[in-house]
Amino acid sequence: MNRFVLPLAAFALLLVVLLVGLKRAPEKNNLPSPLIGKSAPQFTLPNLFDNTRPLSSEALKGHWSLVNVWGTWCVECRAEHAALLQIKQQARVPIIGIDWKDQDEDALAWLAQLGNPYERVGTDHDGRVAIDWGVYGAPESFLISPAGTVVYKHIGAMTPQVWERDFLPRISATLGRPESPATPASAPVGTGSGA
Amino acid sequence: MLVELGHYALILALMLAAAQAFFGLAGPALKRERWLAVVPSAACGQFVFVSLAVGVLVHAFVDNDFSVRYVAENSNSALPLFYRVTALWGAHEGSMLLWILVLGVWTMALVANTRALPPAFAARALGVLGIISCCFLLFTLVTSNPFVRLIPAVPDGNDLNPVLQDPAFAVHPPILYMGYVGFSVSFALACAAMIEGRRDQLWAHWMRPWTVMAWAFLACGIALGSWWAYYELGWGGFWFWDPVENASFMPWLVGTALIHSLAVTDKRGLFKSWTLLLAVTAFSLSLLGTFLVRSGVLVSVHSFAADPSRGIFILLLLVLMIGGALGLYAWRAPLMKSVAGFEFISRESFLLFNNILLTIAAAVVFGGTLAPLIADTLGLGTLSVGPPYFNPSFLVPILPLLSLVALGMHARWRRGRLGEARRPLLLALGVSVVLALALSLGVYAHPLPLTPIGATVGLWIILSALIDPLQRLRRHLRLPASVAGMSIAHIGLGIFVLGITFVKSNTIERDIALKPGQSAQLGAYQFRYDGVQEIVGPNYEGFRGQVTITRDGKPVTVLYPEKRSYWVQGTVQTTAAIAPALSRDLLAALGEDVGAGAWSLRLQYRPLIRLVWVGALIMALGGVTAVIGRRQGGLVANGAALPVDAMAPESVREHGGAT
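An account of the accompanying structure is given in this report.

Conventions adopted
Residues numbered from 1 in each chain as written. Chains lettered and ligands numbered in written order. Predicted model: local features only at pLDDT ≥ 70, side-chain atom pairs only at ≥ 80, totals over all residues. Helix = DSSP H or I, 4+ residues; strand = E, 2+ residues; numbered from the N terminus. Rg over C-alpha atoms; globule rule 2.2 N^0.38 Å. Buried ≥ 20, exposed ≤ 12 C-beta atoms within 10 Å, placed from the backbone. Contact = placed C-beta atoms within 7 Å. Expected span 1.5 Å × (residues − 1). Pairing = 2+ DSSP bridges. Axes fitted to C-alpha atoms, helices over the stretch in contact; angles between N-to-C directions.

## As for the overall build of chain B
Part 1: The helix and strand tally for chain B stands at 18 helices and 10 strands.
Part 2: Its C-alpha radius of gyration of 26 Å places chain B within 12% of the 26 Å reference for a compact globule of 659 residues.
Part 3: Projected onto its principal axes, the C-alpha coordinates of chain B cover approximately 85 × 75 × 55 Å.
Part 4: Counting the 659 residues in chain B, one finds 52% classified as buried.
Part 5: Counted over contacts in chain B with a minimum sequence separation of 6, partners at least 24 positions apart contribute 75%.

Structural data, given as structure tokens:
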């Protein structure tokens, strides 16, 4: 073998490394949230639908919930809206919306037009709560366990595939137990921050 | 409608690029004279349609057309007009389009300068460029189409990443790409030479100006990127050995080696196969850089479009382009062996050392950049490679290289004599040692062990680069552009070395919490924190601090560092305030509100940091001088055996028929 083939051989070797790297790339790109496994950050936000009853993080206790950070200005949020409505129809988990840096009238118009997948919506006008939750950019979705801990975080638009692949298995691992998510009514929904 | 036309224009450009590639390569191979004539027309047509596509996308940005997904994701109606235009290359899809446009610009430049080349050779080079263009157009259309519609449209867009809302960023990618992509011409010429199996060295003569221009653009691009990171990222550093930075630095190192080995091949007919390999490698590293940044294989603070599915596509393109060229090399390079010798101490051997050391330096960067990946592949776990690896290992080849520059510049071709340059060189060395000691012990006290060495080397390079021009001036000889360019570039290198040396050894940094009225002392400078106030900008709000700097009680300047919160993306951006001067930079950046009226602040004093960028720009200026001077002053007889441009067409035609 002559020495002029060596560069080609080196390149072939490099290709193998790149290919292996590429295969593993998806795992690396899941930005793990430091919140996972910890209690969901505390918050109290104005309720989009009812000014007199603010939404607090207490509403996440006692049942599985999906916290979805969105805004009417957000391109991907529009794309994921149908998926959220579908999840709501399956009635597995109440969706708590955090309307991020948005106008109330825009948000209400958006929900009236596209349908409302949310059990409740808190309005985070100045974005402080989103900072506590470590939000990079809307939309982001968090899965919260009945104990109030963050189990999983998805960055980007929610899709039925993502829901079935990443969220459902984590919930069904505990299905059948008393804290089954199917009955949000059992949760102290109304107590809010009044406590 | 317009957007669909842009999309359509891009598809037409792909067709024309395919025509350019096919006729360019098949024409000479099948000896169809007429096919050759199609090649420049196809290249021009491709450029026109690529420009149209870019124009349409720019229009969509300016017009706030949020029915285009790419526009909606990267712009906002509150974004100033200037940034709405530069948002074009704010993310992956547009960057790819810019890449293709820049390739088109270089292709047009080659088309405009083919008169000096044999028609078949020019057609082959353009054909290779056509293949590259095809690959990237296909990649863009299939995996990264910027013309995809968003239905239904959104009322307003997601805004441009705030880090990128900056004047330096606006010009940085185009210039960097001019460098990156510019090596495609050297690559294409090398491939054409290998396809023809040329035994002469004329191809090296043709390749030189293209390589030097691309190299100069890349130097400017890297300097601009470093400067941008310095003040925009707010950390105060100017080089982080980040994968994205390395991706542009490696082609530059190899390009530097290529420029020097081209000189040997052009003038002496030596190092032919090595030069070809460098030409292929320089562009391959540019392509690899694109792959690393785009595929998500390496995670970087700069990369904004990581997508593994695109990665597979790019990998296939790499196999085609790099694998193809290296295969060609394995097949053809043995035919193109060099036939001449040289003594151990001669310019040839200095340039050989230059090449070896630069290649080692590039390999050091390459190894460090890919080490995390290789460790991962071998199952050794996660490995993080940073400045603690790069800084010392990079010095190992670079310090000897810099020490040899002064001698190498004045060594004679073929024979080992420094000749009449010997005495001035020793004089320059003596002066450099004295000056360096004075600087590192007197002006900039508390040196590191390497400080006097770095200063000596830097000064010696500058002074010895002046010897040749001064001697010619004294004897009323003309200064050829090539000599002037080389001197300027080496002076730039010396200035750069001085800058790095002192900024590394004499920087003072303090991270400190201060209440209004409190001060911190950095060297001779006193930084007094005066407080913060709230501010509101066009698309952000935030805080502006005030820091008054005095020296020996006399006011120097007032700095206003900012911390901005961009509404739409909710990102917080620290904008450092910098008082620049040639002799030193003073920097203040706002940290956090730590309560009780106090803010944490980052304060820095960095001596001579400007020399780092000024040096890089002067290096680039040297390259441009050599190229422009060569075009204009091609008839200047400078005594060397340089085949003059004006003679080229004739001599070229003779060789052209050889294959």
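## Points about the overall build of chain A
Part 1: Looking only at helices and strands, chain A features five helices and seven strands.
Part 2: What you see in chain A, going N to C, is helices and strands ordered as α-β-β-β-α-β-α-β-α-β-β-α.
Part 3: Across the 195 residues that make up chain A, the buried fraction comes to 39%.
Part 4: Pairs at least 24 apart in sequence give 76% of the contacts found in chain A among residues at least 6 apart.

## Some details on helix H5 (residues 92–112) of chain B
Part 1: Taking 1.5 Å of rise per residue, 21 residues should cover 30 Å, and H5(B) covers 30 Å from first to last C-alpha, within 8% of that figure.
Part 2: Across the 21 residues that make up H5(B), a large majority, 15, are buried.

## Concerning the sheet that holds strand E6 (residues 140–144) of chain A
Residue and element names in this part refer to chain A.
Part 1: One open sheet accounts for five strands, arranged E5-E4-E3-E6-E7; its pairing is mixed. Strands at the two margins of the open sheet, each flanked by one partner only, are strand E5 (120–124) and strand E7 (150–155). Neighbour to neighbour, the strand axes of the sheet diverge by 20° on average, direction disregarded.
Part 2: Both E6 and E7 contribute to a ladder of five bridges, which runs antiparallel. Considered in E7, the bridge of Leu-143 is made with Tyr-152.

## Overview of the sheet that holds strand E10 (residues 598–607) of chain B
Two modes of strand pairing occur in sheets, parallel and antiparallel, and in both the strands are linked by backbone hydrogen bonds.
All names here are of chain B.
Part 1: Taken in spatial order, the four strands of this open sheet run E1-E10-E9-E8, and their pairing is antiparallel. Two strands bound the open sheet, and with one partner strand each, they are strand E1 (508–514) and strand E8 (577–579). With strand direction ignored, the average angle separating the axes of adjacent strands in the sheet is 20°.
Part 2: Pairing of E1 with E10, which is carried by seven bridges, proceeds in the antiparallel orientation. The residue of E10 that forms the bridge with Asp-511 is Arg-602.

## Description of the environment of B:Leu383
All names here are of chain B.
Part 1: With respect to the element layout, Leu-383 can be found in the loop between helix H12 (347–377) and helix H13 (387–410).
Part 2: Residue classification places Leu-383 among the exposed positions, given that 12 C-beta atoms sit within 10 Å.
Part 3: Distance from Leu-383 to Pro-372, taken between C-alpha atoms, is 4.9 Å for residues 11 residues apart in sequence.
Part 4: If sequence neighbours within four positions are ignored, Leu-383 has contacts with Ala-371, Pro-372 and Ala-375.

## Looking at unusual backbone geometry
The bulk of non-glycine residues show a negative phi, and the bulk of peptide bonds are trans.
All names here are of chain B.
Part 1: Here Lys-31, not a glycine, exhibits a phi torsion of approximately 55°, which is positive.
Part 2: By secondary structure assignment, the location of Lys-31 is in the loop between helix H1 (2–30) and helix H2 (33–62).
Part 3: For Leu-608, which is not a glycine, the phi torsion comes out positive at approximately 60°.
Part 4: Counting through the fold element by element, Leu-608 comes out in the loop between E10 and helix H17 (610–632).

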